[in-house]
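Secondary and tertiary structure notes
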Amino acid sequence: MWHNLGRFILKYRIPLLLVLLAASGFMAWHASKVELSYDFSRAIPINNPKYKTYQEFKKKFGEDGNLLVIGIQTGKFFDEKIFNDYARLMRDLKKVYGVDDIIAIPSAVNLVKITGTEQLKADTIFPDHILTQAEIDSGAKTFLNLPFYRQLLYNPTTQAWLMGVRVKKELMASKIRISIVNNISKLADDFGKANDLVVYKSGLPHIRTQLSVRSVGEMRMFIVASIVLSALILLIFFRSLSAMLLSLTVVMLGVVWSFATIELFGYKISILNALIPPLIVVIGIPNCIYFLNKFHTAYNETGDKKKSLAMMVGRMSVVTFFCNLTAAIGFGVFAFTKSQILKEFGIVAGLNIFALFFISLIFIPVMLSFLPPPKSRHTKYLQNPRLRKMLDRLERWSLNHRKFIYRATAIIVAISILGMFKMKTLGFIVDDLPKNDKIYTDLRFFETNFKGVMPLEIVVDTKEKRGASRNFNNLVKIDSLSQFISSMPDLARPLSVTEGLKFANQVFNDGDTSYYSMPTEYALPALSQYLNMRSDGNNKNSFAKLVTTFMDSSRQKARISVNMKDVGSRRLPLILDSVSKRVAQLFPKEKYDVQFTGTSVTFLEGSHYIINGLKDSIIWAFVLIALCMLYLFRSARILICSLLPNIIPLLITAGLMGWLGIPLKPSTVLVFSVALGIAIDVTIRFLVNYKQELPRNHFNIKKTVIDTIHSTGISIIYTSMVLITGFIIFCFSSFDGTQALGWLTSLTLITATFTNLVLLPAILISLEKLKK
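Residues numbered from 1 in each chain as written. Predicted model: local features only at pLDDT ≥ 70, side-chain atom pairs only at ≥ 80, totals over all residues. Heavy atoms only, no water.

Right, let's talk about the overall build of the protein for a bit. For the protein, the helix and strand inventory stands at 24 helices and 10 strands. Principal-axis analysis of the C-alpha atoms places the extent of the protein at approximately 110 × 50 × 45 Å. In the protein, which comprises 772 residues, the share counted as buried stands at 59%. Carbon together with sulfur atoms contributes 60% to the accessible area of the protein, which is approximately 32600 Å² in total. When the 89 basic and 54 acidic side-chain charges of the protein are each reduced to a single mean position, those positions are 13 Å apart. (Helix = DSSP H or I, 4+ residues; strand = E, 2+ residues; numbered from the N terminus. Buried < 20%, exposed > 50% of the residue type's maximum accessible area, 1.4 Å probe, protein only. Areas by Shrake-Rupley, 256 points an atom, 1.4 Å probe, with all protein chains shown as cover. Lys, Arg positive; Asp, Glu negative; His and termini not counted. Charge placed at Lys NZ, Arg CZ, Asp CG, Glu CD.)

Shown next, in the form of structure tokens:
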């Protein structure tokens, strides 16, 4: 079949080439329309209860992750120049397209009683013009006497000051968000330079935008780096410009097809699938090397180019088909997970890695048929004396030191299994960033001074109309829960309707700070005007505008909004469990319905889905690859031989992660399925060649193993070097997770190369002796 395919491709080479080029042109057109994704909540299936709760929350109360925070630390905040510049910064930020609102000290309001009535009105503390030092001092005295703003806009102990910039929620998932965040950052940085202050920026809009921009920048860098590095390796191996350009064209077509697939399926470039194009380059080059290697070997044997091309397709098509199939499985199994972002990664990566087979199968033989025969210098690498000596040593080890190989393998596996028991699962919302990265250090500033910026939302359904505004018992319970949360070291002081009540109670008692507390049940009706306040078009900074966001329109549901530290996926469940126990004490399920939601909760749920999905994907990969191997070799004995050399490298990698304390998280669990799908290629190439040579050696297993080591060893070493070098590129990422993906996958592939060239031959020879 495969030999006939070779003759067919060469016979119809021009029509096939035109079809391939036309298809690639169509894909290039779609690739040009691919867009960047700005949606970070797709780790959870849309039918998940927590996802539904989060979407319902956003409908009622708005987006929880659209606040960008700007912080400074100074003891001279109320000095005339700094304060006026800070106020000017606030006014300039309001003019930025996409900014919805500003929460800052210069626009802070105070509630004052209207003489002769029982009503409250919101007055700004600082007049909206350039202030004198005396005006600033007067406003500062009033402001610092309002406990409502303490730990919200400033930390009196550390002299840290915060400004919140709320981005319009409809722009959060659009491309324009990048320019909005950049404009905000530039204005903030200009303020810092003018006043010789360090400006800290954080919040989900800032963090997510920066991560998106970095991921796209790194994707481009990795594509260029992998192509350049592959070009150098190909030139060194083949000493042929045409072979290099031929191979690079194949992988560049693969990259174009991968971008097009993202667009055709209606997906967008995410932080995860941004890795696919450089992976296509890294995985596609070995295809080219194996085809060219077989062509050169056949040409040395026959001296006939046409016959050599037919032999190349006939012998390598089946090998390359199954190699690409298993590699596609290694990636494609992510499509079986429930996480949308992993599904997209699995579908796009799996399809395009498999498509590389057809691109290589058509393009390489057709183009080689037009090129002149290879010269002796192009095939000189086949007689590389250093590699020949290395293969001779591997042969001697496999033949004469099998017991040592088995013992050493058993000891390494045992140590690795012990290390596996030390592995821990841990992820953070702001994950994979170096500890000295600006994004990370800025986040730590807000965690140190304001207990974090990660949103946690608690919605209390009182199950009665106005139960969140008129029922004193409910309000006391909400305040009790807020105080409990405030006492926790990783959670900031919550904002809720009760904080507004405390503010109003202080005002009704002539501004005495000792009255910043819940009013008595008797005094509550007197504050009903406060609860009925509405913002109007002329007073967009009305205090009522802020407070009414903590109740729904029927006043049945109350929202408790908390900012918290990025504590990670291990501590977050413990924190939520502690709060849940207090909720159960205060709000019996028979009378209340309390929901936890917000970005922190969806992150935790998403982490569980991703980690569990990746674990499941490894099992699926093993099962599907095992079925492929069983179909290919039709032998349970060969199946075991093929899986052992690939399971052991995965065990060693997992054990090393445990001993080194590298946690299991989305970026590191990805290693196992990917490495398995790629490493099994070496096994397939070895065993297919072994199977083809066995009849020619009259079923002499020992001689066939020796011949296979020498006939496939060079191409295996070359392609392994390309793959390992390709993945090492990822070590230059600014993300720790991508770095881990690079060096862990490289380590796995290095180990797999040795197990397939040392352990696998030893097992095959031992099986022959068992037969006897």
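The full count for this structure, using the stated rule, is 34 aromatic pairs. With a centroid separation of 5.7 Å and an interplanar angle of 25 degrees, the aromatic rings of F265 and Y267 are classed as stacked. Exposure remark for Y267: the relative accessible area of 14% places this residue in the buried category. On the numbers, 5.5 Å between centres and 65 degrees between planes, the contact of F321 with F354 is edge-to-face. Here the residue F321 occupies a position in helix α10 (residues 305-332), and F354 occupies one in helix α11 (residues 340-370), the gap between them amounting to 33 residues. Its relative accessible area of 21% is what places F321 among the partly exposed residues. Assessed through its relative accessible area of 23%, F354 is described here as partly exposed. Here a set of aromatic residues connected by ring pairs shows up, and it is made of F77, F78, F83, Y86, F126, F143, F148, Y149, Y154, W161, F191 and F503. The ring of Y290 has R685 sitting right over it, with the charged end atom 3.2 Å from the ring centre. (Phe/Tyr/Trp six-rings, centres within 6.5 Å; stacked < 30°, edge-to-face > 60°. Lys NZ or Arg CZ within 6 Å of the ring centre and 35° of its normal.)

This brings us to the sheet that holds strand β8 (residues 454-461). Strand order in the open sheet made by the three strands is β9-β8-β10, with antiparallel pairing throughout. Strands with a single pairing partner mark the edges of an open sheet, and in this sheet they are β9 (557-564) and β10 (593-597). In this sheet, neighbouring strand axes are inclined to one another by 15 degrees on average, regardless of whether the strands run parallel or antiparallel. Of the strands in this sheet, β8, β9 and β10 touch helix α20 (residues 599-633), which is tilted by about 105 degrees from β8. (Pairing = 2+ DSSP bridges. Axes fitted to C-alpha atoms, helices over the stretch in contact; angles between N-to-C directions. Contact = heavy atoms within 4.5 Å.)

The subject of this paragraph is the side chain of S24. Within the fold, S24 resides in helix α2 (residues 13-31). At 3.1 Å, the side chain of S24 forms a polar contact with the side chain of W257. Those residues in contact with S24 that sit more than four places away from it in its chain are L253, V256 and W257. (Polar contact = N/O pair within 3.5 Å; in protein donor to acceptor, adjacent residues only side chain to side chain.)

This paragraph deals with the environment of D510. As for its placement among the helices and strands, D510 is situated in the loop between α16 (497-508) and α17 (528-531). When the C-alpha atoms of D510 and H710 are compared, they prove to be 93 Å apart, with 200 residues separating the residues in sequence.

As a further point, take the pairing of β8. Counting buried positions along β8 gives eight out of eight residues, so the element sits mostly inside the fold. Neither face of β8 is open: one carries M454, L456, I458 and V460, the other P455, E457, V459 and D461, and all of them are buried. With eight bridges connecting them, β8 and β9 associate as antiparallel partners. From the neighbouring strand, M454 faces β9, where its bridge partner is M564. As paired strands, β8 and β10 are joined by five bridges and run antiparallel to one another. The residue bridging V459 from the neighbouring strand is Q595, located in β10.

Opposite charge on two side chains makes pairing possible when the charged atoms of those side chains draw close. What the rule picks out here adds up to 18 salt bridges. Between E499 and K502 there is a salt bridge whose closest N-O contact spans 3.3 Å. In this pair, E499 and K502 are both assigned in helix α16, three residues apart and thus about one turn of the helix distant. Taken as a pair, E499 and K502 share a single burial class, namely buried. (Salt bridge = Lys/Arg side-chain N within 4 Å of Asp/Glu carboxyl O.)

Here the focus is the packing of α20 against helix α21 (residues 636-660). Direction vectors running N to C along α20 and α21 enclose 145 degrees, while the axes themselves pass 9 Å from each other. Between α20 and α21 the crossing geometry is right-handed. Between α20, through F622, A626, M629, L630 and F633, and α21, the contact on the second element is made entirely by A636, I638, L639, S642, L643, I647 and L650. Among the residues making up the contact of α20 with α21, the classes are represented as 11 nonpolar, one polar and no charged. (Left-handed = near helix turned anticlockwise from the far one by under 90°. Nonpolar A, V, L, I, M, F, W, Y, C, P; charged D, E, K, R; others polar.)

This part is about a nonpolar patch on the surface. On the surface, a cluster of nonpolar side chains totalling about 530 Å² of accessible area is made up of F26, W29, L264, F265 and L351. Relative to the helices and strands, F265 is located in the loop between α8 (241-264) and α9 (276-302). (Patch = residues over 30% accessible without salt bridge, like charges linked within 9 Å, V, L, I, M, F, W, Y side chains within 5 Å.)

Turning to the packing of helix α6 (residues 176-194) against helix α7 (residues 204-238), a few remarks are in order. Across the interface, α6 lies against α7 with an axial gap of 10 Å and an inter-helix angle of 115 degrees. In terms of orientation, α6 and α7 fall into the roughly perpendicular class. Note on packing geometry: the crossing formed by α6 with α7 is left-handed. For the pair formed by α6 and α7, the contact residues are R177, I178, V181, N182 and S185 on the first element and P205, H206, R208, T209, Q210, S212 and V213 on the second. When grouped by side-chain class, the residues that make up the contact of α6 with α7 number four nonpolar, six polar and two charged. (Parallel < 35°, antiparallel > 145°, perpendicular 65-115°, else oblique.)

Our focus in this paragraph is unusual backbone geometry. Within the chain, Q151 stands out as a residue other than glycine whose phi angle is a positive 70 degrees. Position of Q151 relative to the elements: it lies in the loop between α5 (133-143) and β5 (154-155).

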